[in-house]
Every structure is written in structure tokens, then in C-alpha cells.
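Descriptive analysis of the structure
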Amino acid sequence: MSHSETTASADPSSAWFSVRRGILNLLSLLAIVIVGLSLSSSWFQPPPQTQLDLLQTDLALQASRTLDDPRYQDLARALLGQDVFKVAQNRYQQTADNYTERLKRLKRLARLTPAGESEAASPELAQSPEVDPALLASMQDLQTELDALWLRLGLLYAYQEDLEAAQQQWQQIIDLERPVELESSQKGAARVLQGLWGTPRRIWPEAEVQIRNHLDGWFEAVALQQLYRLQQRSDSLNALNQQQEKLALAALFRLAVVGGIPVLGALLGLMLLLGWLGWSLWRKRPLLGPAWEVPWPGIGAQAVLTGWFLGFIALNALVPRLYIIILGLGARQLSPWQQAVALFLTYNSGAVLGAGLLYRLLHTYPGWQRVLQVRLWGPWLLWGLCGYWVALPLVVLAAALSQLLLPQAGGGNPILPLLLDSHGWGARLVFLAVVSVCAPVFEEVLFRGFWLPTLSRYLPMGAAIGLSAFTFALAHLNLSDLLPLTMLGVVLGVVYSHSRNLLAPILLHSLWNTGSLVTLLVLGGAR
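Residues numbered from 1 in each chain as written. Predicted model: local features only at pLDDT ≥ 70, side-chain atom pairs only at ≥ 80, totals over all residues. Heavy atoms only, no water.

On to the overall build of the chain, then. When helices and strands are counted, the chain shows 19 helices and zero strands. Counted over contacts in the chain with a minimum sequence separation of 6, partners at least 24 positions apart contribute 76%. By element, 63% of the accessible surface of the chain is carried by carbon and sulfur atoms, the whole surface being about 26900 Å². (Helix = DSSP H or I, 4+ residues; strand = E, 2+ residues; numbered from the N terminus. Contact = heavy atoms within 4.5 Å. Areas by Shrake-Rupley, 256 points an atom, 1.4 Å probe, with all protein chains shown as cover.)

Written out as C-alpha cells, the structure is:
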């Protein structure tokens with residue numbers, strides 16, 4: 001053994017450093033395992049694009065009345081096509097089949113349905129010691145969503161006069177062999193619909209209440225129309241038709257906004273991208289900015305990312321529970337406003353943790369401000385705006401590729417269902433603060449301001465941007481968004497590499513999240 005090796009092995013500080021590095025590597029490995037488990041668990045969740053597609057389908061059904069209005073017929077045909085009901089039926093059927101397969105997977109995971117065998121009746125799931133409570137809750141949620149799909153799919157079949165197929169959909173909800181824990185709250189509504197379109201016709205007590213409680217939009221209107229016809233309530237039927245005509249026009253306008261603006265934006269973004277690439281090649285300008293001179297070591301960056309991720313996972317479990325305990329309510333009793341506040345507190349506690357870890361590392365290295373730069377002057381506004389338009393077609397292509405490669409991938413933004421269930425602007429403003437302000441600021445500081453420059457110290461700039469973008473996507477912990485968010489992260493990284501100003505990617509990120517939020521609110525108007 002050489003003298004230097006003997007000295008190093010005898011040096012207590014060197015030994016302590018090795019121990020700390022070993023602990024850090026173990027914690028990093030733990031974080032990677034958690035990411036892998038989260039991605040695998042998201043496989044069983046409905047993908048967010050499915051929910052968005054169904055919202056857009058509901059909006060198209062609501063607007064279908066304008067196809068017969070000469071004033072709006074041309075616009076309606078351009079936006080809806082000629083066979084809106086067949087398209088809606090196919091989309092709902094595909095989604096129901098997808099959810100059915102997911103539910104079977106969960107049951108096999110819970111050992112309720114052996115692989116390769118038909119689904120067995122299990123009247124008492126909760127009595128089985130092998131069924132995990134969290135898994136049972138996931139099955140209950142998925143079964144509820146599947147029942148809602150069957151309820152609506154039956155109405156689509158009935159509207160197109162395929163009554164046998166309609167009755168089959170509703171009968172699945174009333175299935176007598178279903179386990180007790182998966183019993184449907186929509187069974188009463190299914191019986192009502194079976195009676196309204198049955199032979200002979202039958203009107204159950206509280207039929208209108210069941211319809212209004214379990215249906216919305218076009219589906220509610222179709223069921224109520226059938227009920228009012230059978231009850232010979234011509235005044236109620238006329239009032240309903242007048243209301244639906246107004247709602248159809250509003251839905252057509254919403255579709256024009258949701259469908260038209262992104263298409264125009266994507267075309268503009270494609271033109272900007274091609275123009276920038278052509279100009280860069282003609283002027284022989286580099287497509288990526290130069291690497292940063294980073295004063296902090298790579299192990300410091302590893303410690304910050306690992307500590308933030310594990311801490312955020314812990315806070316994500318702890319903060320909502322403390323909030324619920326303080327309120328004295330159950331998790332399912334929270335109002336949309338209370339859920340929005342819980343989300344705000346949870347996300348920002350993680351952001352504060354990340355900011356503290358960053359400060360603890362960076363303040364010991366003079367010159368870190370030259371890397372994480374924020375300047376009010378300069379072309380950051382132009383980079384942010386143009387980057388947003390360029391990201392539109394690229395992320396759309398990445399999302400299409402994701403659906404092609406991972407058609408069964410699930411997961412998605414947990415804010416989506418909360419936002420759709422919120423009706424007051426108070427909760428929506430809190431969601432807006434989290435999505436459009438808090439998330440862009442913290443995530444850009446962490447992933448573009450800190451992690452990207454660190455990687456550029458050890459990797460070529462293209463590889464650094466790609467790996468930082470992939471890390472950014474992984475942090476969202478769902479498979480369905482992995483490719484689209486990686487592409488968005490690449491655009492954010494390119495923008496920061498050229499602008500050298502964190503305000504540029506923050507603006508781009510904020511515009512992206514705000515656009516997604518507005519789209520959800522517009523689509524949610526169908527309900």
C-alpha cells in the first residue's frame with residue numbers, strides 16, 4: 001500500500017466522507033426504487049388523456065344540436081364531423097374496455113381473479129386478509145368510474161335505437177354477483193334507464209332525482225327527454241329543449257376555443273421552430289448554449305435532489321394528514337376549497353424544503369449567482385413566449401408517440417379531478433396559484449437553474465439537457481406523461497441554455513400550465 005493510501009485510510013475525515021457517501025448512495029437508490037414503484041402503480045390508473053378525450057366528447061355531444069341549425073351548421077360540421085354519436089360511442093366503448101381491463105389487473109393483483117381464469121364472484125372482499133385496503137380503495141374508485149361509463153354508454157346506444165346493447169350496459173351495473181364492497185351507487189339510475197327504454201316501458205319512483213344525481217350534460221338531457229315524453233309533460237319537455245339549444249351553442253363556442261387556438265398555436269410554433277433552425281444553420285450558430293462553470297460538486301447536487309425527493313414524498317403523505325386532523329374531517333369529506341388548500345400547503349412545504357437544501361449547498365460556493373441568474377432586462381420575454389409556441393407541436397407529437405408506445409400507461413396530474421370537481425372561483429384561484437406560479441418558479445430553479453448546469457459540467461450539453469428533462473419528467477411520477485414532459489423539459493432546457501435567465505423558462509412553464517388549466521375549465525363546461 002502506498003504512503004498516500006495509508007494516509008487516506010488513516011484519516012478519520014476521509015473515512016467519515018466515505019461513510020456519508022455510502023449513505024447518500026443508499027438514499028439515492030431508495031429514491032430510484034420509489035420512482036420505479038410509483039411508475040408501476042400509475043399503470044393501473046386511468047390516463048389523463050382519456051379523461052380529457054371524454055370531456056371533449058361530452059362537449060361535442062352537447063353541441064350536436066347545432067348540426068341542424070342553418071346559422072351554425074358549417075362551423076358545427078367542421079368541428080364535430082358528420083357522425084358525432086358513432087364517434088362518441090366508440091370512444092366511450094374503448095374507454096370502458098380499458099377500465100375493465102385495469103380492474104381485472106387490480107383483482108389479479110389482489111388475488112381475487114387467478115391469471116388465466118374467469119373473474120370469480122367474491123361477495124366479501126374485505127374479509128379476505130390478502131386484500132390490501134389501499135388496493136381495495138383503488139378497485140372501488142375504478143369500479144365507480146366504470147359504472148359511470150356504462151351508464152352513459154347505454155344512453156348512447158339507446159339514442160341510436162340499439163336497445164339491446166343499451167340494456168346490456170345497464171345490466172352490468174346491476175350485476176347481482178358483484179362483491180359487496182364494489183356495489184354501485186349508480187344501480188338505482190341504471191334501473192331507471194332500463195325502465196325508460198324497456199319493454200314494456202316503466203317509470204320508477206324518484207326517476208328524475210336519480211337521473212339528475214348521476215348524469216349530466218347531454219346524457220342527463222336525453223334521459224329527461226325520454227322521461228318527460230312518457231309522463232306526457234310537454235311544458236317540461238319544451239323548457240328542456242330550449243335550455244339545450246342555448247347550451248349547444250355555448251358548447252360549440254367552447255369547442256372552437258379548445259380546438260382552434262391550440263391548432264393555430266401549433267402551426268405558429270412549427271413555423272418558429274423551422275425558422276429558428278434554418279437561421280441557426282445559415283448563420284452557423286450553435287443550437288444549444290454553452291456549458292456553465294459550476295462551482296459546486298456533483299455529489300452536492302446528488303444530495304440536494306435525493307434529499308428533496310425523499311422529503312417531498314414524506315411531506316406529501318404527512319401534510320394532508322395533519323391538515324385533515326386539524327380540520328377534524330375524513331379525507332373524502334373535504335370540500336374542493338379545502339382540497340385546494342391542502343394541495344397548496346403540500347406543494348409549498350416541499351418547495352420550501354427544496355429551497356432550504358439548495359441554500360445550504362449554494363451559499364458555501366461563491367459565484368453560484370452567475371449560474372442561477374434572474375435578470376429583468378434582456379430578451380427573456382421573447383425566449384419564453386417563442387418557446388411556448390414551439391413546445392406546442394413538439395409535446396403533442398411526444399404525447400402521440402407515448403400513446404402509441406404505451407397505450408395502457410396510466411397516471412396523470414392529480415389536480416385534474418380536483419379541478420373538475422371544483423365549482424367556486426376560490427378553489428380555482430388556489431389551483432391557479434399552485435400550477436401557474438409556485439410550480440414554475442420552484443421547478444425551474446431546481447431542474448433548469450441547478451440540475452441542468454450541474455450535468456453540463458460532466459456531460460455534453462445535449463446529453464445534459466436530455467437527462468435533466470428526463471429527471472424533470474420522472475419527478476411527476478406517472479407513465480402517461482413521461483414522454484410529453486421530457487419533451488417539454490428539453491424545450492425548457494434549450495431556452496435556458498440560450499437565455500441564461502431563469503425568467504425565460506419560468507414564463508414558458510407558467511404559460512404551459514396556465515393553458516392546460518384553462519383548457520380543463522373550458523372542457524369541464526360540458527358538465
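Picking up where we left off.
Following the criterion strictly, the structure yields 16 aromatic pairs and no others. Ring centres 6.1 Å apart and planes at 85° place the aromatic pair Trp 308 and Phe 447 in the edge-to-face group. Residue Trp 308 is located in helix H12 (residues 298–327), and its partner Phe 447 is located in helix H16 (residues 425–456); the two are separated by 139 residues in the primary sequence. Across this residue pair, the class does not change: Trp 308 and Phe 447 are buried. Judged by centre distance (6.1 Å) and plane angle (70°), the rings of Tyr 388 and Trp 512 are edge-to-face. One end of the pair, Tyr 388, is in helix H14 (residues 380–405); the other, Trp 512, is in helix H19 (residues 503–524), with 124 residues separating them in the sequence. Residue Trp 512 is classed as buried on the basis of its relative accessible area, which comes to 15%. Among the aromatic residues, those joined into a cluster by ring pairs are Trp 308, Phe 309, Phe 312, Tyr 347, Phe 442, Phe 447 and Phe 472. Looking at Arg 152, its charged tip hangs above the ring of Phe 219, at a distance of 5.8 Å from the centre. The ring of Phe 472 carries Arg 448 above its face, with NZ or CZ at 4.5 Å from the centroid. (Phe/Tyr/Trp six-rings, centres within 6.5 Å; stacked < 30°, edge-to-face > 60°. Buried < 20%, exposed > 50% of the residue type's maximum accessible area, 1.4 Å probe, protein only. Lys NZ or Arg CZ within 6 Å of the ring centre and 35° of its normal.)

On to the side chain of Thr 454, then. Within the secondary structure layout, Thr 454 lies in helix H16. Within the local environment of Thr 454, its side chain forms a polar contact with the backbone oxygen of Phe 450, the two atoms lying 2.7 Å apart. If near-sequence neighbours (up to four positions away) are discounted, Thr 454 is found in contact with Val 294, Trp 296, Gly 298 and Ala 301. (Polar contact = N/O pair within 3.5 Å; in protein donor to acceptor, adjacent residues only side chain to side chain.)

This part takes up the pattern of salt bridges. Evaluation of the coordinates by the stated rule reveals seven salt bridges. The partner of Arg 233 in a salt bridge is Glu 208, with the nearest N and O atoms 3.1 Å apart. With Arg 233 in the loop between helix H10 (217–231) and helix H11 (234–282) and Glu 208 in helix H9 (residues 207–214), the pair connects residues that are 25 residues apart, well separated along the chain. Overall, the relative accessible area of 22% leaves Glu 208 in the partly exposed class. The partner of Arg 212 in a salt bridge is Glu 220, with the nearest N and O atoms 3.3 Å apart. For Arg 212, a relative accessible area of 43% translates into the label partly exposed. Look at Glu 220 and you get buried, because its relative accessible area is 17%. What emerges from the salt-bridge pattern is a single network uniting Glu 208, Arg 212, Glu 220 and Arg 233. (Salt bridge = Lys/Arg side-chain N within 4 Å of Asp/Glu carboxyl O.)

Attention now goes to the nonpolar core. Ranked by size, the top nonpolar core spans 63 residues in total, and within it Trp 296, Tyr 347, Leu 446, Phe 450 and Leu 488 carry the most contacts. For this core, the secondary structure elements donating two or more residues are helix H2 (12–42), H12, helix H13 (336–362), H14, H16, helix H17 (461–474), helix H18 (482–499) and H19. Among the elements that take part in this core, H16 stands out by supplying 13 residues, more than any other. Apart from residues lying up to four places away in sequence, Tyr 347 is in contact with Phe 312, Val 434, Cys 438, Ala 439, Phe 442 and Glu 443. Residues Leu 54, Leu 61, Leu 153 and Ala 165 belong to the second largest nonpolar core, which totals 60 residues. (Core = buried A, V, L, I, M, F, W, Y, C linked by side-chain atoms within 4.5 Å.)

A maximum bend of about 35° is found in H16 at Ala 439, where proline Pro 440 lies one to four positions downstream. Of all 32 residues in H16, 24 are buried, a share of seventy percent or more. (Bend = angle between axes of the 7 residues up to and from the residue.)

Here we come to H11. For an α-helix, the turn length of 3.6 residues means that residues three or four places apart are oriented alike. In a regular helix each residue adds 1.5 Å, so 49 residues correspond to 72 Å; H11 covers 71 Å between its end C-alpha atoms and thus fits that length. One or two steps after H11, the chain reaches Lys 284, where phi turns positive at roughly 55°. (Expected span 1.5 Å × (residues − 1).)

Turning our eyes to something else, we now look at the environment of Leu 270. With respect to the element layout, Leu 270 can be found in helix H11. With relative accessibility at 39%, the residue Leu 270 sits in the partly exposed group. The spatial distance from the C-alpha of Leu 270 to the C-alpha of Leu 394 is 8.4 Å, given a sequence separation of 124 residues.

In this model, Thr 199 is joined to Pro 200 through a cis peptide bond whose omega is 0°. Counting through the fold element by element, Pro 200 comes out in the loop between helix H8 (187–196) and H9. Although it is not a glycine, Lys 284 sits at a positive phi angle of roughly 55°. By the secondary structure assignment, Lys 284 is in the loop between H11 and H12.

The next subject is the packing of helix H4 (residues 73–80) against H11. With their axes 10 Å apart at the nearest point, H4 and H11 run at an angle of 55° to one another. Comparing their axes, H11 and H4 come out oblique. Note that H4 runs across H11; the crossing there is left-handed. Judged by residue contacts, Leu 75, Ala 76, Leu 79 and Leu 80 of H4 engage Leu 252, Leu 255 and Ala 256 from H11. (Axes fitted to C-alpha atoms, helices over the stretch in contact; angles between N-to-C directions. Parallel < 35°, antiparallel > 145°, perpendicular 65-115°, else oblique. Left-handed = near helix turned anticlockwise from the far one by under 90°.)

Structurally, Ala 31 can be placed in helix H2. Given a relative accessible area of 9%, Ala 31 falls into the buried group. Taking the C-alpha atoms as reference points, Ala 31 and Ile 313, 282 residues apart in sequence, are found 9.4 Å from one another. Not counting residues within four places of it along the chain, the set of residues in contact with Ala 31 comprises Phe 309 and Leu 310.

The predicted model of the chain averages 85 in pLDDT, with 87% of residues at 70 or higher. Long-range and interchain partners of residues 1–11, a stretch whose pLDDT sits below 50, account for three contacts in this model, where long-range means more than four residues apart. Considering only residues more than four positions removed or in separate chains, one finds that residues 114–124, a stretch of pLDDT under 50, has 16 contacts. (pLDDT = per-residue confidence, 0-100.)

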